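Inside the fold
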Amino acid sequence: MAITDSAADDTLDELLRNKARIIELPDDNNEDEVTGVPFPGNHLRKNGIHHLPQWLQQTTIGLFHDDYNTVSSEALDKTAAECLPHLTGQDNQGIPLNRHGLPHLQRKQHASFLHTPLKGLPAPYAAMDASRPWLFYWCTAGLSFLREDVSMYRERLMETVRPLQNKIGGFGGGHGQLSHCACTYATLLALATVGGLDVIDREAMWHWLGTVKQADGGFRMAIGAEEDIRGAYCAMTAITLLNLPLELPPDSPTREAGLTHFTDRLGEWISTCQSYEGGISSAPNHEVHGAYAFCALACLCILGPPHITIPKYLDVDRLIRCLTTLQTNPEGGFAGRTNKLVDACYSHWVGGCWALLEAAVVGPHEAKQNGSVSSAESRLWNREALVRYLLTCCQQPGPKGGMRDKPSARPDGYHTCYSLSGLSAAQNQYTYNTTASTTDRETGRLLSAFNWKGERASEGDMKGLSVERNDVVELVHPVFVIRFEAVEEARRKFARGGFPV
Ligand code: FPP
Ligand code: K
Ligand code: ZN
């Protein structure tokens, strides 16, 4: 006999009654008069703040949390326990509250945290020698998301990255290191942010990218290195922002396999990274991770308009279902993979997927009723929960500032940059202009990634998200993850294409 819906409901009721553990609440909690749900917000009421959202009032540690303890379940419980006092406002770490009772975004402190590494680093940072371009990107881009002026870093950054650029094209992590797609991507975005793109040898870059393109359509991270989805996204970012020719250079080994363009077999290769779970892995048959979903979606948004390329190469419903499970309960941020912990950096890697997916789902015909972040197609994810996680759990208190993975972690540039871009994704609205051209007729440049529009959070959005104007982050480009102004400058600067420009 088939299980009827009502039988399924009964089973769920039973599970909720018997198995689901209501979160451990602070001492001062009574049941809420209206819902009968234990209400972890009495201390907020004491402060005259009545607003604690429904999802947080009713939250449980996992709907199907059973009594079988594993290393993973214990780590998940420990994380929930360290976050709850912050989420409920019991512990605000001394950060001043906005009028909705959420900690303000500590703009000045986070800016100072990001300026510091750009001025010189202490010896222990030698361990990061192969990742220097990432530090440049996280700090300069993060500062720009806070509307800080970064033009004073232009000359120095140009001089610093000059020796990282190899004669054969591309950038390595440090002096004398092999050119690498990730370092090239990070250097490019940092240079775009400070206005220093002139240092890049575009023609050499084009040749080098021709040596990492593979016959199956993907890209290796470096010559002889692994082929994965990061390579595809990083390489296509460079080709598009710098307006390099889409034709493979004559010396590209891939030409022998019959390929003629960087885009050949690329969408098909990305398809092979979608797993049985619906999520995206670094390469075919690897483990799904939220960060790779962003790389795949952003790369498809470079190849063409989201409503065309995303459904063409991915099963959108199954991807949405998979990413939805990554928003964690009760923290409200995102985890990178199934059964793992919330981490602020996934506010970008997973949080950044929604604008791209929403554009894929909405398409050209169902124009949005209004641009508000509360409109129906925005409900693929809980923006309010992400904002609350970032503002309450991820801000390091005190004058040094910075943002962190979770309360027990120390702040760093990586988590500060991607917390800010995740905040921007949650607070503002990003839409794709389906009527704009997708290719430049003169140069062949792919234009889809330039067709995004950002709209700042409206008064209504801010109220819905419990933030004030000063808690809202700048518009961050949903594909290139730098400010729109920096994308626009790169578009204009290389509009003529060819070598040299
Ligand atoms: C697991 O780390 C993380 C990964 C396997 C992938 C991380 C990938 C990115 C952050 C994206 C890189 C993108 C570009 C463009 C270079 P973990 O086991 O420490 O974390 P987890 O427990 O949260 O999965
Ligand atoms: K992690
Ligand atoms: Zn992280």
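Basis of the calculations
- Residues numbered from 1 in each chain as written.
- Chains lettered and ligands numbered in written order.
- Predicted model: local features only at pLDDT ≥ 70, side-chain atom pairs only at ≥ 80, totals over all residues.
- Helix = DSSP H or I, 4+ residues; strand = E, 2+ residues; numbered from the N terminus.
- Buried ≥ 20, exposed ≤ 12 C-beta atoms within 10 Å, placed from the backbone.
- Near = placed C-beta within 6 Å.
- Nonpolar A, V, L, I, M, F, W, Y, C, P; charged D, E, K, R; others polar.
- Core = buried A, V, L, I, M, F, W, Y, C linked by C-beta atoms within 7 Å.
- Arc of directions from axis to C-beta.
- Contact = placed C-beta atoms within 7 Å.
- pLDDT = per-residue confidence, 0-100.
- Axes fitted to C-alpha atoms, helices over the stretch in contact; angles between N-to-C directions.
- Parallel < 35°, antiparallel > 145°, perpendicular 65-115°, else oblique.
- Left-handed = near helix turned anticlockwise from the far one by under 90°.

1. A few points about the overall build of the chain
- Tallying secondary structure elements over the chain gives 20 helices and 4 strands in all.
- A buried classification covers 47% of the 501 residues belonging to the chain.

2. Observations concerning the site of ligand 1
- Near ligand 1 you find Ala182, Arg230, Tyr233, Cys234, His289, Ala291, Cys295, Gly336, Arg337, Lys340, Asp343 and Trp349, and these make up its full shell.
- Mapped onto the shell around ligand 1, the elements with two or more residues apiece are helix H10 (229-241) and helix H12 (290-303).
- If you tally residues by element for the shell around ligand 1, the top one is H10, at 3 residues.
- Partitioned by chemical class, the residues of the shell around ligand 1 number 6 nonpolar, 2 polar and 4 charged.

3. A closer look at the nonpolar core
- Leu189, Ala238, Ala296, Leu297 and Cys299 are the most contacted members of the largest nonpolar core, which totals 138 residues.
- Sorting elements by how many residues they give to this core places H12 first, with 13 residues.

4. Comments concerning helix H13 (residues 306-313)
- For H13, every residue scored as buried is listed here: Pro306, Thr309, Ile310 and Tyr313. For H13, the angular spread of the buried residues around the axis is 95 degrees, confining them to a single face.
- The inward-facing, buried residues of H13 abut helix H11 (266-271), H12, helix H14 (316-324), helix H16 (353-362) and strand S3 (429-432).

5. Some remarks on the confidence of the model for the chain
- For the chain, the average pLDDT comes to 88, and 84% of its residues sit at 70 or higher.
- Predicted confidence for residues 15-50 stays below pLDDT 50, and this span has 56 contacts to residues more than four positions away or in other chains.
- Counting interchain partners and residues more than four positions distant, the pLDDT-below-50 stretch residues 367-374 has 17 contacts.
- In the predicted assembly, ipTM is 0.97 and pTM is 0.90.

6. Structural notes on the environment of glycine 352
- With respect to the helices and strands, glycine 352 occurs in the loop between helix H15 (346-349) and H16.
- Spatially, the C-alpha atoms of glycine 352 and tyrosine 418 are 9.5 Å apart, while their sequence positions differ by 66 residues.
- Ignoring any residue separated from it by four or fewer positions in sequence, one finds glycine 352 in contact with Phe294, Ser421, Gly422, Ala425 and Pro478.

7. A few points about unusual backbone geometry
- In this structure, proline 330 follows asparagine 329 across a cis peptide bond, with omega equal to 10 degrees.
- Here proline 330 lies in the loop between H14 and H15.
- Positive phi outside glycine occurs at arginine 265, with the angle close to 60 degrees.
- Residue serine 466 is not a glycine yet carries a positive backbone phi of 60 degrees.
- When you line up the elements, serine 466 lands in the loop between helix H19 (459-464) and helix H20 (484-493).
- For serine 466, a count of 20 C-beta atoms within 10 Å corresponds to the buried category.

8. Observations regarding the packing of helix H8 (residues 181-194) against H10
- Closest axis-to-axis distance for the H8/H10 pair is 9 Å, and the angle between their directions is 40 degrees. Our classification of the angle between H8 and H10 gives oblique. Crossing handedness for the pair H8 and H10: left-handed. Of the residues in H10, those touching H8 at Cys181, Ala182, Thr184, Tyr185, Leu188 and Ala192 are Arg230, Gly231, Cys234, Ala235, Thr237, Ala238 and Leu241.
- Among the residues forming the contact of H8 with H10, the class breakdown is 9 nonpolar, 3 polar and 1 charged.

9. Structural notes on the packing of helix H5 (residues 107-118) against helix H6 (residues 132-145)
- Here H5 crosses H6 at 145 degrees, and the two axes come no closer than 9 Å. Note on packing geometry: the crossing formed by H5 with H6 is left-handed. Contacts between H5 and H6 pair Ala111, Leu114, His115, Pro117 and Leu118 from the former with Leu135, Cys139, Gly142 and Leu143 from the latter.
- Grouping the amino acids of the contact of H5 with H6 by side-chain chemistry returns 7 nonpolar, 2 polar and no charged.

10. A closer look at the environment of glycine 195
- Considering the arrangement of structural elements, one finds glycine 195 in the loop between H8 and helix H9 (202-212).
- Sequence separation between glycine 195 and alanine 486 is 291 residues; the distance between their C-alpha atoms is 7.5 Å.

11. Some points on the environment of glycine 176
- By the secondary structure assignment, glycine 176 is in the loop between helix H7 (154-161) and H8.
- Here glycine 176 falls in the exposed class, since 9 other C-beta atoms lie within 10 Å of it.

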